[in-house]
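Working through the structure, step by step
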Amino acid sequence: METLLQAALYRERNLIERFFSKLKHFCRVATRYDKLATNYLAMVQLASMRLWLRAYESTA
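Residues numbered from 1 in each chain as written. Predicted model: local features only at pLDDT ≥ 70, side-chain atom pairs only at ≥ 80, totals over all residues. Heavy atoms only, no water.

1. A look at the overall build of the protein chain
Along its length, the protein chain carries three helices and zero strands. Each helix and strand of the protein chain, ordered N terminal to C terminal, gives the series α-α-α. Seen through its C-alpha atoms, the protein chain measures out along the principal axes to roughly 45 × 30 × 15 Å. Sorting the 60 residues of the protein chain into buried and exposed places 15% on the buried side. One finds the centroid of the 10 positive side-chain charges in the protein chain at a distance of 9 Å from the centroid of its 5 negative side-chain charges. (Helix = DSSP H or I, 4+ residues; strand = E, 2+ residues; numbered from the N terminus. Buried < 20%, exposed > 50% of the residue type's maximum accessible area, 1.4 Å probe, protein only. Lys, Arg positive; Asp, Glu negative; His and termini not counted. Charge placed at Lys NZ, Arg CZ, Asp CG, Glu CD.)

Structure, rendered in structure tokens:
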């Protein structure tokens, strides 16, 4: 039972780590080009939506 739990946690952690790795390909996000937190958050959201749309488009 413990092994199954560890495998599930590993899968979820790996998914999150791969997402942040892809997110860092956006230069504005990786270098924190924006000075205001609201602008930075908006850029992170836009980059996340673009990654999601790209993944969704490839499965459709």
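That was the structure; now back to the text.
2. Some remarks on the environment of Thr38
As for its placement among the helices and strands, Thr38 is situated in helix α3 (residues 37-59). Judged by its relative accessible area of 57%, Thr38 falls in the exposed class. Through-space distance from the C-alpha of Thr38 to that of Thr59 is 32 Å; in sequence the pair is 21 residues apart.

3. Description of the nonpolar core
The biggest cluster of nonpolar side chains holds seven residues, and these are Leu23, Phe26, Val29, Met43, Val44, Ala47 and Leu51. For Ala47, the contacting residues outside a window of four places in its chain are Leu23, Phe26 and Val29. (Core = buried A, V, L, I, M, F, W, Y, C linked by side-chain atoms within 4.5 Å. Contact = heavy atoms within 4.5 Å.)

4. Examining a nonpolar patch on the surface
A surface patch of nonpolar side chains, about 280 Å² in accessible area, is lined by Ile16, Phe19 and Phe20. Summarising the element assignment, Ile16 is placed in helix α1 (residues 2-23). (Patch = residues over 30% accessible without salt bridge, like charges linked within 9 Å, V, L, I, M, F, W, Y side chains within 5 Å. Areas by Shrake-Rupley, 256 points an atom, 1.4 Å probe, with all protein chains shown as cover. Salt bridge = Lys/Arg side-chain N within 4 Å of Asp/Glu carboxyl O.)

5. Looking at unusual backbone geometry
A negative phi angle characterises most non-glycine residues, just as the trans form characterises most peptide bonds. Positive phi values are uncommon outside glycine, yet Arg32 reaches one of about 50°. Looking at the element boundaries, Arg32 is found in the loop between α2 (27-30) and α3. Residue classification places Arg32 among the partly exposed residues on the basis of a relative accessible area of 40%.

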